[in-house]
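# Inside the fold
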Amino acid sequence: MPTLNFVLRPSILAALAFSLALGAQAAPVRTPNVEAELVSAATSAAPGAPATVALRLKMREGWHTYWQNPGDSGLPTTIEWKLPAGVTAGPIQWPAPNALPAGPLVNYGYEGEVYLPTTLTVAPGVKAGRDLAVAARAEWLVCKETCIPEGADLNLALPVKPGAQPHPKWGAPLAATLASLPKPLAKWTVEARGDGQQVQLALTPPDGAADPGVLRFFPFQEGRIEASSPQTVSRDGAAYVLALPVAYQLAPGFTRVAGVISAAGGIGDAKAATIDVPLAGAVVAGPKPVDAKAPTLVITSSAPGASMTLLLALVLAFVGGAVLNLMPCVLPVLSIKVLGFAEHHDSPSTMRREGLAYGAGVLATFVGLALALIAFRTAGEQLGWGFQLQSPLFVSLLALLFFVMGLNLSGVFEFGNVAPSSVRGWTSRNRTLDAFGTGVLAVVVASPCTAPFMGAALGFALAQPASETVAVFLALGVGMALPYVLLAWFPAWRRALPRPGAWMVRFKQLLAFPLYATVAWLAWVLGTQIDVDAVLRLAIALIAVALALWSWHAWRLGGRRGWQVVALAALVGAVLVARPLASPPPADASPAKASASATGPWRAYTPDGLATLAASGPVFVDFTAAWCVTCQVNKRLVLNDPAVLEALAAKKVTLVRADWTRRDPDITRALAALGRNGVPVYALYRPGREPLLLPEVLTARTVADALATL
Amino acid sequence: MRASVFIRTAAALACAAAVGIAGAASPGAAAPDFTVADATGKPVKLSEYRGKFVVLEWTNPDCPFVRKHYSSKNMQDLQKEWGAKDVVWLSVNSTVQGHYEYRDGKQMQEWMTSQGAAQKAILIDAKSEVGNAYAAKTTPHMFVISPEGKVLYNGAIDDKRSSNPADAKTANNYVRAALTEAKAGKPVTVASTTPYGCSVKY
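Residues numbered from 1 in each chain as written. Chains lettered and ligands numbered in written order. Predicted model: local features only at pLDDT ≥ 70, side-chain atom pairs only at ≥ 80, totals over all residues. Heavy atoms only, no water.

### Overview of the overall build of chain B
Counting its regular elements, chain B contains 7 helices and 9 strands. The burial tally for chain B puts 57% of its 202 residues in the buried class. In chain B, 73% of the contacts between residues at least 6 apart in sequence involve partners at least 24 apart. Accessible surface, chain B as shown: approximately 7600 Å² in total, 55% of it carbon and sulfur. (Helix = DSSP H or I, 4+ residues; strand = E, 2+ residues; numbered from the N terminus. Buried < 20%, exposed > 50% of the residue type's maximum accessible area, 1.4 Å probe, protein only. Contact = heavy atoms within 4.5 Å. Areas by Shrake-Rupley, 256 points an atom, 1.4 Å probe, with all protein chains shown as cover.)

### Thoughts on the overall build of chain A
Summing up its helical and strand segments, chain A has 21 helices and 24 strands in all. Looking at chain A as a whole, 51% of its 710 residues are labelled buried. Relative to all contacts within chain A whose residues are 6 or more apart in sequence, the contacts with residues 24 or more apart total 75%. Split by element, the accessible area of chain A, about 30700 Å² in all, is 64% carbon and sulfur.

### Re the state of the cysteines
A covalent bond between the sulfur atoms of two cysteines is referred to as a disulfide. A full pass over the atoms with the stated rule returns 2 disulfides over all chains. Between the sulfur atoms of cysteine 143 of chain A and its disulfide mate cysteine 147 of chain A the distance is 2.2 Å. With the S-S bond torsion at 110°, the cross-link from cysteine 143 of chain A to cysteine 147 of chain A turns out right-handed. Of the two residues, cysteine 143 of chain A and cysteine 147 of chain A, both sit in the buried class. There is a disulfide in this structure between cysteine 63 of chain B and cysteine 198 of chain B, and the S-S distance comes to 2.1 Å. Measuring handedness by torsion sign, the sulfur bridge of cysteine 63 of chain B and cysteine 198 of chain B sits at about 85° and is right-handed. Taken as a pair, cysteine 63 of chain B in the loop between strand S3 (54–58) and helix H2 (64–71) and cysteine 198 of chain B in strand S9 (residues 198–199) lie far apart in primary sequence, 135 residues in all. Among the residues examined, cysteine 63 of chain B registers a relative accessible area of 1% and is labelled buried. Classification of cysteine 198 of chain B as buried rests on a relative accessible area of 1%. (Disulfide = S-S within 2.5 Å.)

### Some thoughts on helix H10 (residues 431–446) of chain A
End to end, H10 of chain A covers 22 Å across 16 residues, agreeing with the expected 22 Å (1.5 Å per residue, within 8%). Buried within H10 of chain A are the following residues: Ala435, Thr438, Gly439, Ala442, Val443, Val445 and Ala446 of chain A. (Expected span 1.5 Å × (residues − 1).)

### What to know about the environment of alanine 177 of chain B
Residues and elements named next belong to chain B. Relative to the helices and strands, alanine 177 resides in helix H7 (residues 174–183). Given the relative accessible area of 31%, alanine 177 is considered partly exposed. Sequence separation between alanine 177 and tyrosine 153 is 24 residues, and the spatial gap between their C-alpha atoms is 9.8 Å.

### Details of the sheet that holds strand S8 (residues 151–155) of chain B
Residue and element names in this part refer to chain B. Judged by pairing direction, the sheet is mixed, and its 5 strands sit side by side in the order S5-S4-S3-S7-S8 without closing on themselves. The open sheet terminates on both sides in strands that have one partner only, identified here as strand S5 (121–124) and S8. Ignoring strand direction, the axes of neighbouring strands in this sheet form an average angle of 15°. Each of S3, strand S4 (88–93) and strand S7 (142–145) is contacted by helix H3 (residues 74–83), which is oriented at about 145° to S4, the strand it contacts most. Relative to S5, helix H4 (residues 105–115) is tilted by about 145°, and along the sheet it contacts S4 and S5. (Pairing = 2+ DSSP bridges. Axes fitted to C-alpha atoms, helices over the stretch in contact; angles between N-to-C directions.)

### What about the pattern of salt bridges?
All chains considered together, the criterion is met by 20 salt bridges over all chains. When the shortest N-O distance is used, the salt bridge between lysine 137 of chain B and aspartate 72 of chain A registers 3.0 Å. With lysine 137 of chain B in the loop between helix H5 (129–134) and strand S6 (138–139) and aspartate 72 of chain A in the loop between strand S4 (64–71) and strand S5 (78–82), the pair connects residues from two separate chains. Like lysine 137 of chain B, the residue aspartate 72 of chain A is buried in the burial classification. Arginine 701 of chain A is the salt-bridge partner of aspartate 705 of chain A, the closest N and O atoms lying 3.6 Å from each other. (Salt bridge = Lys/Arg side-chain N within 4 Å of Asp/Glu carboxyl O.)

### Observations regarding the environment of serine 391 of chain A
All names here are of chain A. Examined against the element boundaries, serine 391 turns out to sit in the loop between helix H6 (348–378) and helix H7 (392–410). The class for serine 391 is partly exposed, based on a relative accessible area of 28%. Put simply, serine 391 and leucine 526 are 135 residues apart on the chain and 9.1 Å apart in space, counted from C-alpha to C-alpha.

### With respect to the pairing of strand S2 (residues 34–40) of chain A
All names here are of chain A. Most of S2 sits inside the fold, with 7 of its 7 residues counted as buried. The alternating pattern of S2 places Val34, Ala36, Leu38 and Ser40 on one face and Glu35, Glu37 and Val39 on the opposite face, and all of these are buried. For strand S1 (residues 29–30) and S2, the ladder comprises 2 bridges, and the chain directions are antiparallel. Paired with arginine 30 across the strands is glutamate 35, a residue of S2. Counting the residues in the hairpin turn of S1 and S2 gives 3 residues. Looking at chain direction, S2 and strand S3 (residues 50–59) are connected through 7 bridges and run antiparallel. By the bridge assignment for S3, serine 40 is matched with valine 53.

### Details of the side chain of serine 199 of chain B
Tracing the backbone shows serine 199 of chain B in strand S9. Using a relative accessible area of 6% as the deciding quantity, one classes serine 199 of chain B as buried. In this structure, serine 199 of chain B is in contact with Ser73, Ala102 and Leu105 of chain A together with Lys137 and Thr138 of chain B, ignoring residues within four places of it in sequence.

### A few points about the pairing of strand S10 (residues 131–143) of chain A
Residues and elements named next belong to chain A. Note: S5 against S10, 5 bridges, orientation antiparallel. The residue bridging threonine 78 from the neighbouring strand is glutamate 139, located in S10. Turn length for the S10-strand S11 (residues 147–159) hairpin, with the two strands adjacent in sequence and antiparallel, is 3 residues.

### Notes on helix H19 (residues 642–650) of chain A
The N-capping residue of H19 of chain A, defined by a side-chain oxygen 3.0 Å from the backbone nitrogen of alanine 643 of chain A, is aspartate 641 of chain A. Downstream of H19 of chain A by a residue or two, lysine 652 of chain A has a phi angle that is positive, lying close to 55°. (Polar contact = N/O pair within 3.5 Å; in protein donor to acceptor, adjacent residues only side chain to side chain.)

### Notes on a nonpolar patch on the surface
Residue and element names in this part refer to chain A. Together, Leu311, Val315, Phe318, Val319, Val478 and Leu482 give the surface a local cluster of nonpolar side chains, amounting to about 460 Å² of exposed area. The dominant element in the nonpolar patch, judged by the number of residues it contributes, is helix H4 (residues 310–324), at 4 residues. The partly exposed category is assigned to phenylalanine 318, whose relative accessible area is 32%. (Patch = residues over 30% accessible without salt bridge, like charges linked within 9 Å, V, L, I, M, F, W, Y side chains within 5 Å.)

### Quick notes on the packing of aromatic side chains
Residues and elements named next belong to chain A. Enumeration over the complete set of coordinates arrives at 22 aromatic pairs over all chains. Between tryptophan 550 and tryptophan 563 the ring centres are 5.4 Å apart and the planes differ by 80°, which places this aromatic pair in the edge-to-face class. Highlighted residues: tryptophan 550 in helix H14 (residues 532–556) and tryptophan 563 in helix H15 (residues 562–578), separated in sequence by 13 residues. Overall, the relative accessible area of 43% leaves tryptophan 550 in the partly exposed class. Of the residues examined, tryptophan 563 reaches a relative accessible area of 32% and is grouped as partly exposed. Both rings, one in tyrosine 605 and one in phenylalanine 623, keep their centres 6.3 Å apart while their planes meet at 50°; by these two values the pair is tilted. Pair noted here: tyrosine 605 is in the loop between strand S20 (602–604) and helix H17 (607–616) and phenylalanine 623 is in strand S21 (residues 619–624), with a separation of 18 residues, a long-range link. (Phe/Tyr/Trp six-rings, centres within 6.5 Å; stacked < 30°, edge-to-face > 60°.)

### Some points on the confidence of the model for chain A
Low pLDDT marks regions whose predicted coordinates should not be analysed in detail. All names here are of chain A. In the predicted model, chain A carries a mean pLDDT of 80, and the fraction of residues at 70 or more is 83%. Averaged over each element, pLDDT in chain A is lowest for helix H1 (residues 2–7) (36) and highest for strand S9 (residues 113–122) (95). Low pLDDT, under 50, characterises residues 422–426; the predicted model gives this stretch 4 contacts beyond four residues in sequence or across chains. In the model, residues 586–596 has pLDDT below 50 throughout and makes 10 contacts with residues more than four positions away in sequence or in other chains. (pLDDT = per-residue confidence, 0-100.)

Spelled out as structure tokens, the structure:
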């Protein structure tokens, strides 16, 4: 009796009993990329009462379906209901979407599993005691890189009877979905003002509201807000002001700002809420969004630095500037200058004039840097602090400068003897100009160093209007120039300086060594930027320059005229050897580079990779550059420390190194997303939470503290 | 990965500089000029078609929305209809070289031939420069350019946002509407719509 045998199998019996108990029966439909089914929140429906059902879509790993506004591409999921008499269906109640990057474009949708709930209204006249045959044709576009339109005819048998219970399988997840649906934002004051190519959306929390964390706005309609352009957050008093970029293809009739605000830290009583407010002011179509050169990183659109005020940025910049004087790149240069105080016995007025000229040189250079950065960024370049050092030519010239200064201190030549007498006379007459030049030099040599406090201030500065950017750079300059200017201004303070004497010659010669060390390090930077041949070229060029200076000096001291020829020949040789450094081959020509960022447990940075990694677990990113001294110190002392690496491994943290040695718009954008504009930056990306920024001067302790938040 | 991004950046910068892509792609603005190789390797320069209406069609055979308009013959019919009226139809594939959906000139030519396509040229925008210059977002994404080199229409091919081939014939075709109005010397009523389809594979 095969039939009986079949029926009586215990497992089949159990399944049968279970499914009878469940009520509200459906079967999932599996397409190649999605598992779809209609599910009910309750075991049954009651006449005259609403019933919640949902389309459940479970996407294949890495694939997504779309929200009601799909963003830059894609298509929203649709449900066409086929309902028995007496039953009507409302619209899809869309859960808050996620921003899903597709190259430089951004889509709005869902990954993993999503429930799209709909309320069915069952008329009072519908008879109890039988099943409602709820049917629907659902269609969706499912995409990873490739898009596939799919659909399914789905059925749900929903018993009509009183005493509905939450469905044992779907009741809980559907209740969670319903609870997290974005609802109109209560208690908060929301105002939207059009401001040219931006909409300023001011969200003022009620007293005692928790910090909403990372905010992002998703417009209900297309042609309003550009999906792929970054949204920035700033604080205006209590309000969070989201600057929303107006769509490049602005659709007519933009009179209200309506959409979903998602907040990583929660807003209202959920993770997202809807808003619909009138748009005051006027908007114009935004700038062209697609930039295939630089895929956007959409891990966080609100900068942790966004809560900074201009005043705080100015203070930080000032302190950062002052600290800059103590950084290894600046200290030797400044020491020489300060020694001058001990040497010279000029009138106080001359000293003050020189002090002010030095300060003016520092400020002028900072303003110049600020203006250059603004100009480049307006032109669409992705640059940040230290961008000069991303150019191999600049690195080579800086190495040359430090080397020549070193030779001078070592006594190989003296500027006075090398320069033609006309120039010599001119510089000594123009001590003021000379001091101004020292100011310029100090800023130039300071560029490899980012002092503590500087990073946050500069990150803030570059996200602001031009006037505020310049103000922050000025504050940095004032901070850097002030100690020297004060020493020049108050002769009494200089008594604290050591007395001049024979020791000064030795000290001067000693100072040459940090400069040579800097040259060695810059040569290494050049090596990581281009290749090992470049280092040799630089070294030969430097030696030729040394020969040129030495032989020229010999000639000036009364040597034979042949020395002059040797000097000129050596100089020409130096230029010829160094010429290829000005136009280096593209990055791929240096196999050393790719492996430089991906060593040991460290992976090389890619925006897509980071987004994927950060979604699945904690990621520690070391934003670094070969030319960044602080970065190298932190790397040697902390990040290479086996104990630190062990602690990171224990928490299963993925290690990523973003190497900014050469220009890299992706990394610049990632830094901007963190509210920064220079390296070092150490960020711990935590799934579902804002990235945690560690201090610029890293210790094993700060890393451990950061890991403790996981 | 990083190296490839850098190469792309460098290449894009170099080519943008060499080609001199300029201008914006919003209606009324000057259409960004470009020079890019067609499927046979011959360079095609947009501004050489001054004096004629030009249609730019962003395409990718691996996109179901593109296949919708080809399997329904909608796209080929448009190409023939307007080609006969001296409109220059250029199909652009901006899929970046290296993406698994990338097809070279020969492969694009084969696919278009198999579909009975009738465009003037198939442009292989392997570095995505043209797509970038026009901010092309989807396949298809359509542009109509006036004989003076101004953008007349930028947006979707029609108003039925679906991947169902049956919808192509019943939809209101924005490109046909724009060309009909512009050819009659009238202003284009619907000059900008949100395009729909797959993302351009930058």
